[in-house]
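Here's the letter readout for the chains.
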Amino acid sequence: MMETMEPKTSSTKSVSSRSLPSASPKEQMNIVIVGHVDHGKSTLVGRLLADTHSLPEGKLQAVKKECERTGKPFEYAFLLDALSDEQDQGITIDTARSFFKTKKRDYIIIDAPGHIEFLKNMISGAARAEAAVLVIDAKEGVRENSRRHGYLLSMLGINQIIVCINKMDLVKGNQTLFQKIEKEYKKFLSEIGSSPPLYFIPVSALHGENLESKSSSMNWYHGPTLLEALDSFNKAPPKSDQKLRMPVQAVYKFTKQGDDRRIIAGRVESGKIKVGDKVVFYPSNKISAVKSIEAFNALKKTEISAGWSTGITLTEEIFITRGQIISHETNGPSVSTRFRANLIWLSKKPFLMEKEYKLKIHTTQEPVRILKIVKIIDASKTGSLKGKKQVNRHDVAELILETRTPIAFDTFQENEATGRFVIVDGYDIAGGGIIVSAEKDDQEDFRAEARLRDFNWIKGGVNQEARAQRLKHHAALVMFVGKAGVGKHKIARAVEKSLFESGISSYMLDGTNILLGVDADLVWIEATQRELVRRFAEVARILLDAGHVVVSTTNAIGLADFAQVQALLPNFPIMIISIDPGSQTNSASDLTLTGQEKESKVVEKISELLRKNQIIIS
Amino acid sequence: MELLDQLEQQSVYILRESFRHFERLCMLWSIGKDSTVLLWLARKAFFGHVPFPLVHIDTSYKIPEMIAYRDRLSMEYKLTMIVGQNVKALEFGKTFPATQALPEGDPNKISRVECCGLLKKDALANTLNGTWPRKKLNLKTGQYEIDPDKQPYHGVIVGARADEEGSRSKERYFSPRDKNSLWDIGDQPPEFWNQFKTDFAPGTHVRIHPLLDWTELHIWEYIKREKIPTVSLYYDQGNGTRYRSLGCAPCQSPIKSTAKNVDEIIAELKSGKLKNIAERSGRLQDGKHGLEELRREGYM
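Re the sheet that holds strand β24 (residues 476-481) of chain A
All names here are of chain A. In space, the five strands of this open sheet follow the order β25-β26-β24-β27-β28, with parallel pairing throughout. Each edge of the open sheet carries a strand with a single partner, namely β25 (506-510) and β28 (591-593). Across the sheet, the mean angle from the axis of one strand to that of its neighbour is 20°, orientation sign disregarded. Here β25 pairs with strand β26 (residues 549-553) via five bridges, running parallel. Paired with L509 across the strands is S552, a residue of β26.

Points about the interface of chain A and chain B
Contact residues are listed per partner, giving 72 residues for chain A and 64 residues for chain B. Together chain A and chain B conceal approximately 6000 Å² of surface at their shared face, both sides included; 53% is due to carbon and sulfur atoms. Between chain A and chain B we count four salt bridges in total. Linking E17 of chain B and R322 of chain A is a salt bridge whose minimum nitrogen-to-oxygen distance equals 2.9 Å. In this assembly, chain A and chain B are joined by 23 residue pairs in polar contact (both at pLDDT 80 or more). With six residues, the single largest contributor to the side of chain A that touches chain B is strand β23 (residues 428-439) of chain A. Its residues placed into classes, the side of chain A that touches chain B shows 29 nonpolar, 25 polar and 18 charged.

Focus: the domain arrangement of chain B
Residue and element names in this part refer to chain B. Taken domain by domain, chain B comprises domain 1 (3-214 + 287-296) and domain 2 (223-282). If you average the C-alpha positions of domain 1 and of domain 2, the two centres end up 22 Å apart. On the domain 2 side, the residues contacting the 29 residues of domain 1 number 20 residues. Roughly 2100 Å² is buried in total at the junction of domain 1 and domain 2, and carbon and sulfur atoms are behind 61% of that figure. Where domain 1 packs against domain 2, one counts three salt bridges. Here E8 makes a salt bridge to R225, at a shortest N to O gap of 3.3 Å. Between the two partners, domain 1 and domain 2, sit nine residue pairs in polar contact (both at pLDDT 80 or more). Breaking the side of domain 1 that touches domain 2 down by element, the ones donating at least two residues are α1 (3-21), α2 (33-45), α3 (64-77), α5 (96-99) and α6 (112-128).

Focus on helix α12 (residues 529-545) of chain A
Residues and elements named next belong to chain A. Compared with the 24 Å implied by 1.5 Å per residue over 17 residues, the 24 Å span of α12 between its first and last C-alpha is a close match. Among the residues of α12, those classed as buried are Q529, L532, V533, R535, F536, A537, A540, R541, L543 and L544. Residues of α12 that are buried make contact with α8 (444-456), β24, β25, α11 (511-516), β26 and α13 (562-568). G547, located one to two residues past α12, shows a positive phi value of around 100°.

Quick notes on the confidence of the model for chain B
Interpreting fine coordinate detail is not advised for predicted regions of low pLDDT. With 93% of its residues at a pLDDT of at least 70, chain B reaches an overall mean of 88. Across the predicted assembly, pTM comes out at 0.86 and ipTM at 0.91.

Comments concerning the pairing of strand β8 (residues 205-208) of chain B
Residue and element names in this part refer to chain B. The two faces of β8 match: H205 and R207 on one face and V206 and I208 on the other face are all buried. Across three bridges, the pairing between strand β6 (residues 155-157) and β8 is parallel. Bridge pairing in β8 places G155 opposite V206. Sheet topology places strand β7 (residues 174-177) next to β8; four bridges connect them, and they run antiparallel.

A word on the sheet that holds strand β2 (residues 54-57) of chain B
Residues and elements named next belong to chain B. On the basis of which strands lie adjacent, the open sheet formed by eight strands has the order β5-β4-β3-β2-β1-β6-β8-β7 and mixed pairing. The sheet terminates laterally at β5 (144-146) and β7, the two strands that pair on one side only. When strand polarity is set aside, the average angle formed by the axes of neighbouring strands in this sheet is 30°. Examined bridge by bridge, strand β1 (residues 25-28) and β2 share two bridges and lie parallel to one another. Its bridge partner being in β2, M27 is matched across the sheet by L54. Across the sheet, α2 is in contact with β1, β2 and β6; its angle to β1 comes to roughly 140°. Set on the sheet, α6 makes contact with β1, β2, β3 (81-84), β6 and β8; between it and β2 the angle comes to about 145°.

Remarks on the nonpolar core
W29, V37 and W220 of chain B are the most contacted members of the largest nonpolar core, which has 67 residues in total. Counting 45 residues, the second-largest nonpolar core is a separate cluster that includes V34, I136, V142 and L153 of chain A.

Analysis parameters
Residues numbered from 1 in each chain as written. Chains lettered and ligands numbered in written order. Predicted model: local features only at pLDDT ≥ 70, side-chain atom pairs only at ≥ 80, totals over all residues. Heavy atoms only, no water. Pairing = 2+ DSSP bridges. Helix = DSSP H or I, 4+ residues; strand = E, 2+ residues; numbered from the N terminus. Axes fitted to C-alpha atoms, helices over the stretch in contact; angles between N-to-C directions. Contact = heavy atoms within 4.5 Å. Buried area = accessible area lost by both parts, 1.4 Å probe. Salt bridge = Lys/Arg side-chain N within 4 Å of Asp/Glu carboxyl O. Polar contact = N/O pair within 3.5 Å; in protein donor to acceptor, adjacent residues only side chain to side chain. Nonpolar A, V, L, I, M, F, W, Y, C, P; charged D, E, K, R; others polar. Domains from an automatic or database assignment. Expected span 1.5 Å × (residues − 1). Buried < 20%, exposed > 50% of the residue type's maximum accessible area, 1.4 Å probe, protein only. pLDDT = per-residue confidence, 0-100. Core = buried A, V, L, I, M, F, W, Y, C linked by side-chain atoms within 4.5 Å.

Okay, structure coming up:
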């Protein structure tokens, strides 16, 4: 094959293939190119593509001709410009992808913008990379985004990093300067607790030195070229040997299409799952066993491991919704409402203390707020700022976050896929982060109690799903809360009655009845409140297990106790109805009423809520 | 895990996310190899079913075999098949083929790019938002009928690949389009860790790209592995030419190739014979910035 390419300055050992037919499909690796604006990322990418013969025929000549015509000096970066915005501004705005190959594997290059304005695009590109090349201009040295990008790569969990000190031609291949930058950058990374990059390579992207071929002008450098360094990197080992994590993505039943399988779909993020496995759904503590592994146009499997977007059916049907993590009885994920996280904020609107946001982690989404700002790190410099009350755009922060209800997760260290999250503000992803540790909340002990009880619960011959099919609804707890005298009891009674008349097995559990009997031995002092709540929840547990929609009303247990009730009843849906004559909408409740509404209206609203939460089987 | 499996599994994950988050979801089907692979992946994701409608924008200039293949597969897979068209432009002859004979400079002459704008971009936008009538295939009779559903689609699954051309390489998996179907390339939302843009303002929609990471070679290797049926236009029928990319007949020229089946296409792609020729080179409307402008304005 004839190619007319740039003459090489030197050519010692070349690792790139001349695009020979490869044994396909070959291994593929995503790499991201990051660094401060104008440090030469796009030139480096352009040159790599040219030197590895990855450009369409005639592209190089065409761009050169165009440059001659317009009187602009030719730049390798022009080879990448796809969009007129970027051509106009001469900077990379969004991550573009290009492809090249070596003998070892195919690479996808993600060229990330270096301008601070486009940090969200840099993150989007870097988050999908398996290795990174960070470019630093030899003349300018370490700049703001050299540091910020370095910090973010470490936060994103990318530890295969090459630092290219670029434009060495402009500093006459000065070794001392190279070593000075290397030392300064290593020092910065160690101060923020990041591990040092694997390689520092002096390059000239413009002249193609130490990219594909060794530099002849920098004889003092004995390390690998950029391509050799990249080829020395490894793909992440398969996660099949780790603990099982399969977040439930959806539950499918295509009955109308004549398919009766009830398939729990999701991707096995780590570990493996086998037919016959006893599996636990976290945080609900529900237990079943794997009956089959389902797939379309594929051989039937009895075991499936990390990486597969699969579907399973269960031996005992249980009511499962999206967001639960499938794991085993031991080695399950953490469950809490609180965790410590490192986060990068990308939105123009700051991340505020008092506001509620949407957390998206694996397949769960849940209201979340900042419980505490531990510190804000200025990633562009070193050191941290304390005492800030909000997280601004491009800030990196260590926070404690609190979700409204408990979620299942891992630390990022333990499991990447279940240990990282994004925060949504309005319609937009506003920031993202990784979980550093699970934090205990006040319900930890009750959660442990519930887990022990649920894992050892002796089941009768009729399971919950069978009851639900007979009754045409699942069990649920509808809790009326509000001050004494607002009319909770009256409304609850009416709701119980009309739900019953519409065919729902409803039962009103009045707190007074529990006080009279189950709690008769307790003398009420403040310290016994948690015991009162515990007993209430355990009584409700039995009624829920029997399949009823429990409508509860009590003055003794209020909104403040909700978290405890929930910790004790992780496997049943709970709906909170606040009765407040001032109709102050409470974000913690599912519905707020004034107590003055017509009974029929209240029943209608609650039925709607039951349908929305899939309690009523339609 | 093999590369084709990795690509397949990520696409399946994306398809399931879109089905979960978009109540009004559809998939564009151009009958070409990419969107046909996409349709196959949907059946993988939903265990043999396709739980959302497929939308085809019929310019009336498609090669007849494509339409026959569309309807045959729709019946076989029991698809909800929706067809949209710019009926007015066709009626008044406002198309490139209809005005081709007019002299240069005639104000009524419609260029190739303008024609794409009318028959594809406008037809797509108005079919998606429900302004123009949609036709739906009756699976009992095999005939198309006016679809009573006029609700807009909020999630639109598209078979675009990043390696096709420049502007596609900057797409997200979930890429928002505003009320006028415009794509703001300069200000795209962040997307990482498989957390996608699934919240959207009323009146806007999100384009979903499950094939973003696939290349042309992956598509053919997957067609081979899965034995996916494709139209014969992709293969040389004996005259030494075949289509590499399918569009409208008047703006589509075949390439010189004697590849007669999937294996030969794969061999051809790997041999490097086509390596230096852009995939869409036979698409005569692509021009300098033509496609990029069309794409910003809502073209797929």
